[in-house]
Amino acid sequence: MEVPFERAYPFELADKLEAERNLTDKEFESVILCDYPGFDEYLAEKARAVREKYYGKKVYLRGLIEFTNICKNNCYYCGIRRDNPNAERYRLNEEQILTCCAAGYELGFRTFVLQGGEDPYYTDDLVASIVSSIKERHPDCAVTLSIGEREKESYQKFFDAGADRYLLRHETADKEHYEMLHPAELSFDHRMQCLRYLKEIGYQVGCGMMVGSPYQTVEHLVKDLRFLREFEPEMVGIGPFIPHHDTQFADRKAGTVGMTVRLLSIIRLLLPDVLLPATTALGTIDPIGREKGLLASANVIMPNLSPADVRKKYLLYDNKITAGDEAAEAVRDMTKRIASVGYEAVVDRGDHVSLGTK
Ligand code: SAH
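Reference entry: report on the structure contained in this document.

Rules behind the numbers
Residues numbered from 1 in each chain as written. Predicted model: local features only at pLDDT ≥ 70, side-chain atom pairs only at ≥ 80, totals over all residues. Heavy atoms only, no water. Pairing = 2+ DSSP bridges. Helix = DSSP H or I, 4+ residues; strand = E, 2+ residues; numbered from the N terminus. Contact = heavy atoms within 4.5 Å. Axes fitted to C-alpha atoms, helices over the stretch in contact; angles between N-to-C directions. Salt bridge = Lys/Arg side-chain N within 4 Å of Asp/Glu carboxyl O. Phe/Tyr/Trp six-rings, centres within 6.5 Å; stacked < 30°, edge-to-face > 60°. Lys NZ or Arg CZ within 6 Å of the ring centre and 35° of its normal. Near = heavy atom within 4 Å. Polar contact = N/O pair within 3.5 Å; in protein donor to acceptor, adjacent residues only side chain to side chain. Areas by Shrake-Rupley, 256 points an atom, 1.4 Å probe, with all protein chains shown as cover. Nonpolar A, V, L, I, M, F, W, Y, C, P; charged D, E, K, R; others polar. Parallel < 35°, antiparallel > 145°, perpendicular 65-115°, else oblique. Left-handed = near helix turned anticlockwise from the far one by under 90°.

So, the sheet that holds strand β2 (residues 63–68)
- Sheet architecture is open: 6 strands sit in the order β2-β3-β4-β5-β6-β8, paired in parallel fashion. Every interior strand has two partners, whereas the edge strands, β2 and β8 (235–236), have only one.
- Bridging between strand β5 (residues 165–167) and strand β6 (residues 204–207) involves 3 bridges; their strand directions are parallel. Bridge assignment links leucine 167 to a residue of β6, and that residue is glycine 206.
- Running over the sheet, helix α5 (residues 124–137) touches β3 (111–116) and β4 (142–146) and is turned about 155° from β4.
- Along the sheet, helix α8 (residues 188–201) makes contact with β5 and β6, crossing β6 at roughly 160°.

Right under this line is the structure:
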């Protein structure tokens with residue numbers, strides 16, 4: 001793409017980011033804030049080239065099972081937080097979870113992501129038993145857990161039971177900002193410590209932040225990028241903050257598609273072989289948000305395999321999208337969307353590839 005002279009500076013920064021996989025804090029700020037026409041296309045083109053170098057045209061589908069919306073925490077932004085009396089609560093038992101996995105397996109899924117609130121009903125032993133049952137029945141599948149903060153010993157137990165990956169978004173890399181989004185009983189340091197434990201144990205680890213969360217500044221986003229670069233997670237899940245009507249952030253503005261896709265491109269250039277989902281939140285604020293995410297180098301999508309009757313209850317934010325009543329429908333829908341932007345949906349395990357980029 002031809003770059004007009006007076007617009008060269010941010011475009012040069014994009015070139016530098018591509019070449020050096022890093023920028024100074026000030027330079028990151030310029031890239032995040034740049035409003036030159038054509039800049040996002042320029043950045044996304046580079047990000048796509050990098051993603052295609054490592055992953056070709058493949059987009060990995062992961063089967064998401066939201067197995068409980070009961071939560072002992074009270075994150076201010078979250079619709080299923082403890083103190084929301086209007087959330088209709090549910091939990092799936094081991095048999096129901098295994099049934100979801102079996103249905104997903106028939107559809108071709110080889111990764112199952114078990115996500116939920118921090119629900120004490122699922123003791124360490126129960127989680128370990130669920131993980132080992134899934135692995136026994138489907139030894140060729142990867143199991144990902146996303147059940148929040150636990151002790152190191154618990155994480156070790158799940159790993160020993162066969163869990164391969166763990167998603168725990170850091171939410172924000174700035175401690176003060178973290179404290180504006182969470183009550184005092186939740187600690188930034190503990191969340192970060194959990195991420196380090198997960199890595200030490202040997203999980204493929206995912207972290208990530210909400211984009212446009214209340215009080216977020218460009219400095220916070222720079223800190224997030226700095227953290228991602230240092231921590232080198234195998235996966236980075238980011239999505240726009242979306243208000244939920246039963247939270248204290250009900251009247252806040254949602255994050256934008258534009259900022260989310262820009263950050264996806266930046267993260268791809270920072271961590272070339274990272275697994276990068278186009279998230280449900282992105283598809284919620286824009287009907288073709290996930291397609292835009294794919295074009296900004298996202299390479300993972302997580303269709304929902306939870307039973308239809310509970311899907312509407314896992315309401316982290318307002319208007320959360322759900323595709324059809326059947327898992328099969330969700331897969332068909334996602335496969336079509338992925339093809340519409342020139343990519344190919346695949347269901348194999350799709351482990352993180354480390355091709356000596358680190
Ligand atoms: N209890 C687990 C899973 C949380 S739900 C944990 O603590 O990790 C998964 C993610 O949804 C959260 O990490 C958060 O980043 C996101 N989320 C929650 N509320 C949201 C909202 N209102 N808007 C956008 N994303 C939200």
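Once you've had a look at it, read on.
Here's the deal with the pattern of salt bridges
- A complete count under the given rule lists 28 salt bridges for this structure.
- Note that arginine 82 is salt-bridged to aspartate 83, the shortest N-O span being 3.4 Å.
- We note a salt bridge from aspartate 125 to lysine 157, for which the minimum N-O separation is 2.6 Å. One end of the pair, aspartate 125, is in helix α5; the other, lysine 157, is in helix α6 (residues 152–160), and 32 residues separate them in sequence.

Thoughts on the packing of aromatic side chains
- If you walk through the whole model with that rule in mind, you get 14 aromatic pairs.
- Between tyrosine 215 and phenylalanine 249 the ring centres are 6.2 Å apart and the planes differ by 75°, which places this aromatic pair in the edge-to-face class. Here tyrosine 215 is found in the loop between β7 (210–211) and α9 (218–231), whereas its partner phenylalanine 249 is found in the loop between β9 (239–240) and α10 (257–270), with 34 residues between them in sequence.
- Here a set of aromatic residues connected by ring pairs shows up, and it is made of Phe11, Tyr36, Phe39 and Tyr42.
- Above the plane of the ring of tyrosine 105 lies arginine 110, whose end atom (NZ or CZ) is 3.5 Å from the centre.
- Above the ring of phenylalanine 231, the side-chain terminus of lysine 199 is found at 4.4 Å from the ring centroid.

Considerations on the site of the ligand
- For the ligand, the set of nearby residues contains 17 residues, the closest of which are Tyr77, Gly116, Arg169, Glu171 and Ile242.
- Glutamate 171 places a polar side-chain atom, nitrogen or oxygen, 2.6 Å from an oxygen atom of the ligand.
- Considering the ligand on its own, with 560 Å² of exposed area, one finds that the protein chains cover 91% of that surface.
- Its residues assigned to classes, the shell around the ligand comprises 10 nonpolar, 4 polar and 3 charged.

Description of the packing of helix α1 (residues 8–20) against helix α3 (residues 39–55)
- Here α1 crosses α3 at 15°, and the two axes come no closer than 10 Å. Comparing the axis directions of α1 and α3 gives the class roughly parallel. Crossing angle aside, the handedness with which α1 passes α3 is right-handed. Counted together, Pro10, Phe11, Ala14, Asp15 and Glu18 of α1 and Phe39, Tyr42, Leu43 and Lys46 of α3 form the full contact between these two elements.
- When the residues that make up the contact of α1 with α3 are grouped by side-chain class, the tally is 6 nonpolar, no polar and 3 charged.

Examining the sheet that holds strand β10 (residues 300–301)
- Reading across from one edge, β10-β1-β11 is the order of the 3 strands in this open sheet, with parallel pairing throughout. This sheet does not close on itself; its edge strands, each paired only once, are β10 and β11 (344–346).
- Pairing geometry for strand β1 (residues 58–61) and β11, over 3 bridges, is parallel. The residue of β11 that forms the bridge with lysine 58 is glutamate 344.

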